[in-house]
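Next come the chains, spelled out residue by residue.
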Amino acid sequence: MELIDNISSFEEIEKVAKEFAETDEFIKLMTLYRCAIMEIETKLRVLDAEFSLQYDRNPFESIESRLKKPVSIVEKMHRRGIALTTADMERELFDIAGIRVVCSFIEDIYKLADLLIEQDDVLLVQRKDYIANPKPNGYRSLHMIVDIPIFLSEGKRHMKVEVQFRTIAMDFWASVEHKLKYKKEIKEPEEVTGRLKKCANILSLLDEEMESIRMKIDMDEEDGRN
């Protein structure tokens, strides 16, 4: 399937996406992305177990994975002028396979992310730190695109996976903001946007205070052992 220039409605995108998703090439590629997700999830869970033994706490609270929906893939490829082929899809889109890791503390986000990319078979492709540099709307998260090999009967294949790290507070804000963003007929949207950004700043201060409390408790425990 090549680039379709005459798509002019969401209904047409849905139709094209349905046809694209039924091709053997698409089905096989999405299976490879599922395998890549499993590889990264396994690595993160192993690190979680090791971290728990070393520091007496788990670095993340939850981990979720998802594959981008066919209609979202086709819409993005059409919008960016990418030919509708699985080869171009794999080469141009880095967020088809995604993992979200929710941590209790900001320090654990950076530690876990560093431990993941320090592994020999994990290659960091891209890193965007929206914790140190939040988006204008207040969104905070650490995004990484990693390249991971999966091992198949016909040999090794490298796949890209997007990994997002957030604290519980960041994840709560992002979830609520996402739901509100698609509400229709919002009166005074600028006010809503401003209030959401204010909430993001408040939650950021909460994350910092919780980190400070944890560090104090750790120091008190260390002093008690000495």
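Residues numbered from 1 in each chain as written. Predicted model: local features only at pLDDT ≥ 70, side-chain atom pairs only at ≥ 80, totals over all residues. Heavy atoms only, no water.

K.L.:
Looking at this structure, I do not really get the overall build of the protein. What am I missing?
P.N.:
Secondary structure assignment for the protein yields 7 helices and 5 strands. The linear arrangement of helices and strands in the protein, starting from the amino end, is α-α-β-α-α-β-α-β-β-β-α-α. Dimensions along the principal axes, computed over C-alpha positions, put the protein at roughly 70 × 55 × 20 Å. The burial tally for the protein puts 38% of its 226 residues in the buried class. Considering only intrachain contacts with a sequence separation of at least 6, the fraction spanning at least 24 residues in the protein is 67%. Summed over its atoms, the accessible surface of the protein is roughly 13,700 Å², and 53% of this surface lies on carbon and sulfur atoms. (Helix = DSSP H or I, 4+ residues; strand = E, 2+ residues; numbered from the N terminus. Buried < 20%, exposed > 50% of the residue type's maximum accessible area, 1.4 Å probe, protein only. Contact = heavy atoms within 4.5 Å. Areas by Shrake-Rupley, 256 points an atom, 1.4 Å probe, with all protein chains shown as cover.)

K.L.:
Quick question: what am I supposed to make of the sheet that holds strand E1 (residues 60-67) here?
P.N.:
Strand-to-strand pairing in sheets goes through backbone hydrogen bonds, with the strands running parallel or antiparallel. Overall, mixed pairing links the 5 strands, which are arranged E1-E2-E5-E4-E3 in an open sheet. Two strands close off the open sheet at either side, each with one partner strand: E1 and strand E3 (123-129). Pairs of neighbouring strands in the sheet enclose a mean axial angle of 25°, with direction left out of account. Sitting on the sheet, helix H6 (residues 168-181) touches E1, strand E2 (97-103) and strand E5 (155-167), and the angle it makes with E5 is about 90°. (Pairing = 2+ DSSP bridges. Axes fitted to C-alpha atoms, helices over the stretch in contact; angles between N-to-C directions.)

K.L.:
Got a minute to help me understand the packing of helix H1 (residues 10-21) against helix H3 (residues 70-79) in this structure?
P.N.:
Between two packed helices, the angle of one axis relative to the other and the distance separating the axes together describe the packing. Relative to each other, H1 and H3 sit at 115°, their axes nearing to 8 Å. Of the possible angle classes, the one that applies to H1 and H3 is roughly perpendicular. Pair H1 / H3 crosses with right-handed handedness. Residues Phe10, Ile13, Glu14, Val16, Ala17, Phe20 and Ala21 of H1 form the contact with H3, whose own contacting residues are Pro70, Val71, Val74 and Glu75. Class assignment for the residues of the contact of H1 with H3 results in 9 nonpolar, no polar and 2 charged. (Parallel < 35°, antiparallel > 145°, perpendicular 65-115°, else oblique. Left-handed = near helix turned anticlockwise from the far one by under 90°. Nonpolar A, V, L, I, M, F, W, Y, C, P; charged D, E, K, R; others polar.)

K.L.:
Can you walk me through the confidence of the model for the protein in this structure?
P.N.:
The predicted coordinates ought not to be read in detail in places where the model reports low pLDDT. Across the protein, pLDDT averages 91, with 94% of residues at or above 70. By mean pLDDT, the top-scoring element of the protein is E3 (98), and the lowest-scoring one is helix H7 (residues 189-225) (88). (pLDDT = per-residue confidence, 0-100.)

K.L.:
Would you explain the side chain of lysine 68 in this entry?
P.N.:
Position of lysine 68 among the secondary structure elements: in the loop between E1 and H3. Setting aside residues up to four positions removed in sequence, lysine 68 forms contacts with Met30, Ile73, Lys76, Asp95 and Ile96.

K.L.:
Teacher, can you tell me more about H3 here?
P.N.:
Ile73, Val74, Lys76 and Met77 are the residues of H3 that are buried. Take H3 and look down its axis: the buried residues cluster within an arc of 165°, on one side only. Once H3 finishes, glycine 81 follows within two positions and takes phi at roughly 70°, a positive value. (Arc of directions from axis to C-beta.)

K.L.:
Teacher, can you tell me more about a nonpolar patch on the surface here?
P.N.:
A cluster of nonpolar side chains, Leu206, Met210, Ile213 and Ile217, forms an exposed patch at the surface whose accessible area comes to about 340 Å². Among the secondary structure elements, leucine 206 is positioned in helix H7. (Patch = residues over 30% accessible without salt bridge, like charges linked within 9 Å, V, L, I, M, F, W, Y side chains within 5 Å. Salt bridge = Lys/Arg side-chain N within 4 Å of Asp/Glu carboxyl O.)

K.L.:
What is the right way to look at empty space enclosed by the protein in this model?
P.N.:
If a probe as big as a water molecule is rolled over the atoms, it shows which places are left empty. According to the stated counting rule, one finds 2 cavities of 30 Å³ or more in the structure shown. Within this model, the largest cavity holds a volume of roughly 70 Å³. Among the elements of the structure, H6 and H7 are those that each provide at least two residues to the lining of the largest cavity. Broken down by element, the lining of the largest cavity gets its largest block of residues, 4 residues, from H7. Classifying every residue of the lining of the largest cavity gives 6 nonpolar, 2 polar and 2 charged. (1 Å grid on protein atoms, 1.4 Å probe; cavity = no way out; pocket = protein on both sides within 12 Å on 5 of 7 lines; lining within 4 Å. Points joined across faces, edges and corners; volume = space filled by probe spheres on them.)

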